[in-house]
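Report on the structure
This is what each chain is made of:
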Amino acid sequence: MAALGTSSRATAWRWTILIVAAVYFLLPLWAALRFAGISAFGSVIGEPGFTASLALSVRLAVITTLVTIALMLPTTVYVHLRLPKLRRLLEGITILPIVIPPVVLIVGVLAIAPGFLKSTSLLLALVYVVLAMPFTYRALDAGLRALDLKTIVEASNSLGAGWLSTLWRVLLPNLRTALLSATVLSVAMVLGEFTMASLDLYQTFPVWIYVNSQTSGQVSVAASLLALFVTWIFLLGITVIGTRQSRKTGGGAVTLFTVAPAETRGN
Amino acid sequence: MTTSVLLQDLTRAFGVTRALDGLSIEMAPGELVALLGPSGCGKTTALRIVAGFETADTGSVLVNGKDISSVPASRRDMGMVFQSYSLFPNMPALDNVAFGLRMRKMGASQRRQRAADLLDMVGLAPQARQYPHQLSGGQQQRVALARALAIEPRVLLLDEPLSALDAKVRLQLREQIRTLQQRLGTTTLFVTHDQEEALSMADRVGVMRQGRLEQIAAPDELYTDPATAFVAEFVGVMNRIPGELQPSGQVTALGSTVPVRGHRPDETAVDVLVRPEGLTLEVAENGNGIVTTRTFLGSVTRVGVQLSGDVAVQVDRPSAESAALGPGASVSVSLPGQPVLVATRLVS
């Protein structure tokens with residue numbers, strides 16, 4: 001009886017915490033929804049600048065993610081295989097973009113960037129690559145740690161696969177979860193970044209929302225909510241796909257915080 | 001196709017450690033050679049040089065008479081089974097086995113057929129669609145073996161493939177590997193620190209120590225006729241009994257004087273090396289030892305005897321004749337008449 005009492009008390013606590021948390025997170029959303037009104041969602045899409053800013057943000061997200069992965073995947077694999085002693089150093093370097101305030105970074109970049117870059121959104125993408133590096137490195141690092149990298153690469157080599165085949169057919173498929181995590185984090189970062197974009201005078205989606213809030217509060221709140229839902233659905237899609245793949249090869253569910261498939265060794 | 005392999009005077013240093021110090025081995029086509037030795041003796045380095053994952057500082061590896069030192073690992077046509085599980089986690093067993101064939105641009109249906117045949121050969125046809133994480137350790141190593149054999153390798157390299165498995169599976173897999181290897185006639189280099197494994201599977205066993213080959217011989221020869229004290233003690237159980245070298249070249253221990261074979265140390269104070277089955281043991285009122293332990297091993301019983309001068313030896317006796325040899329019994333231990341190996345006395 002005592003045990004039952006304890007467990008029902010625990011259940012009560014769990015529900016209390018859950019409800020408090022739900023109210024904390026959902027109440028503002030509900031309030032925003034009330035304030036904007038359903039009709040505002042329809043007019044958001046017709047607002048000047050909406051499509052352009054969203055397209056710019058999506059383009060930046062895609063470029064950033066691809067460039068970051070293209071740079072970091074070979075680097076991380078190489079460091080793991082050949083220069084394991086440098087792992088700590090690399091970890092230290094990749095933490096810098098998080099430690100240095102965005103304002104400092106972008107002012108520095110604008111001061112030294114060559115003119116031809118300053119006039120394109122590519123500059124912003126390159127800065128975002130630097131910002132996305134820590135997440136990508138961490139995700140890949142954890143993914144590689146979960147693999148017996150040296151053995152797998154050597155097995156692949158001994159079976160006749162060169163470096164490219166090994167990377168493409170063996171490493172990439174096994175790092176899918178890590179790459180998905182890296183993608184999720186990079187995309188979320190790009191879609192939410194404000195400081196650099198506004199200082200670099202680009203109207204990315206977050207900047208557009210801010211600017212719009214000056215003129216039409218309702219529309220801008222509706223846009224924020226829309227952005228939130230779009231991002232949410234996007235991330236949900238990634239985790240579902242990731243989990244399906246991960247289950248197939250023995251890993252667990254993929255969450256936004258999963259960076260590597262679960263250990264799959266058995267005897 | 002049969003392949004001969006020649007390791008020629010290989011040396012390899014890691015910093016100040018000499019992992020290999022002039023290793024030469026000649027492997028006949030179809031032969032299974034085991035490299036046996038304590039960890040750090042260089043056996044794995046030797047295997048990795050043959051595989052192409054390490055390079056020798058000097059010396060060369062010849063396959064069918066051709067130096068392959070400059071050929072990258074991916075072009076050496078060597079099947080390798082690793083100590084740790086090395087299957088690609090993202091592929092089911094069948095695709096793992098077919099991987100090497102795919103790299104060799106074999107057509108899809110053909111390679112699937114061949115991979116299925118090989119899985120069948122290692123007894124895992126029903127597991128073809130399973131992913132590595134769904135297989136037991138022993139099954140994974142069998143898939144790894146099938147994968148290594150699928151490419152019809154010129155040489156099969158086994159890097160302690162059984163050491164991660166539990167005893168029963170290890171025993172089964174040992175026999176399976178040997179049977180397959182003999183059936184296919186694949187020249188095989190097998191690295192292990194488990195002497196039982198080496199002795200039971202190999203045509204010849206090379207015992208390594210500090211980057212050098214101490215002796216390479218057939219298992220029975222290695223056991224009955226070890227060339228050095230190191231080999232004698234590394235392979236099987238060996239007693240060390242203090243003795244005195246005589247000017248005549250014989251050695252005196254346990255009250256008898258017997259001939260010495262092999263290397264003779266300069267000192268007169270030596271240890272005589274005798275296997276448990278080489279010692280004679282009798283119950284005696286005022287013998288030279290007291291029984292301390294008795295271990296039943298099936299047909300024989302191993303008796304631990306404490307001799308005077310703080311020397312402990314183990315003696316094997318037929319189990320049927322060991323009833324009186326309980327702990328505390330006074331016994332007499334003596335040397336056989338045959339020539340014995342001696343080694344520099346260990347100071348403890």
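Residues numbered from 1 in each chain as written. Chains lettered and ligands numbered in written order. Predicted model: local features only at pLDDT ≥ 70, side-chain atom pairs only at ≥ 80, totals over all residues.

Section: the overall build of chain A
- Check the secondary structure of chain A and you find 13 helices and 0 strands.
- For chain A, the proportion of its 267 residues judged to be buried stands at 34%.
- Partitioning the intrachain contacts of chain A with sequence separation of at least 6 by distance along the chain shows that 76% fall at a separation of at least 24. (Helix = DSSP H or I, 4+ residues; strand = E, 2+ residues; numbered from the N terminus. Buried ≥ 20, exposed ≤ 12 C-beta atoms within 10 Å, placed from the backbone. Contact = placed C-beta atoms within 7 Å.)

Looking at the interface of chain B and chain A
- Listed by partner, the interface residues are 25 residues for chain B and 22 residues for chain A.
- Here the residues of the side of chain B that touches chain A sort into 13 nonpolar, 9 polar and 3 charged. (Nonpolar A, V, L, I, M, F, W, Y, C, P; charged D, E, K, R; others polar.)

Let's talk about the confidence of the model for chain A
Residues and elements named next belong to chain A.
- Scored by pLDDT, chain A has a mean of 82; 91% of the residues are at 70 or more.
- Helix α8 (residues 149-158) holds the highest mean pLDDT among the elements of chain A, 94, whereas helix α6 (residues 115-118) holds the lowest, 75.
- Taken as a whole, residues 259-267 scores under 50 in pLDDT and shows 31 contacts with residues more than four places along the chain or in a different chain. (pLDDT = per-residue confidence, 0-100.)

Overview of the nonpolar core
- Grouped together as the largest cluster of nonpolar side chains are 153 residues, with contacts concentrated most on Ala34, Val50, Val97, Leu157, Val272 and Val340 of chain B.
- At 14 residues, the largest contribution of residues to this core is made by helix α7 (residues 122-146) of chain A.
- In this view, valine 340 of chain B contacts Val251, Val258, Val260, Val272, Leu273, Val274 and Leu335 of chain B; residues no more than four positions away in its chain are not counted. (Core = buried A, V, L, I, M, F, W, Y, C linked by C-beta atoms within 7 Å.)

Focus on the sheet that holds strand β15 (residues 280-283) of chain B
Residues and elements named next belong to chain B.
- Here we have 5 strands laid out as an open sheet, ordered β15-β19-β16-β17-β18, and antiparallel in their pairing. Two strands close off the open sheet at either side, each with one partner strand: β15 and β18 (311-318). Each strand of the sheet is rotated relative to its neighbour by a mean of 40 degrees, with strand direction disregarded.
- Two elements, strand β17 (residues 300-307) and β18, share 8 bridges in a ladder whose sense is antiparallel. Counted as the bridge partner of arginine 302 is aspartate 316 from β18. (Pairing = 2+ DSSP bridges. Axes fitted to C-alpha atoms, helices over the stretch in contact; angles between N-to-C directions.)

A short note on the environment of glutamine 141 of chain B
All names here are of chain B.
- Secondary-structure assignment places glutamine 141 in helix α4 (residues 137-150).
- For the pair formed by glutamine 141 and alanine 125, sequence separation is 16 residues and the distance between their alpha carbons is 14 Å.
- Residue contacts for glutamine 141: discarding those within four places in its chain leaves Val81, Pro161, Leu165 and Leu173.

So, the packing of helix α3 (residues 50-82) of chain A against helix α12 (residues 205-215) of chain A
All names here are of chain A.
- Their axes nearest at 8 Å, the elements α3 and α12 cross at an angle of 150 degrees. Taken together, α3 and α12 sit at an angle that is classed as roughly antiparallel. Contact residues: α3 offers Phe50, Ser53, Leu54 and Ser57, while α12 offers Phe205, Val207 and Trp208.
- Its residues placed into classes, the contact of α3 with α12 shows 5 nonpolar, 2 polar and no charged. (Parallel < 35°, antiparallel > 145°, perpendicular 65-115°, else oblique.)

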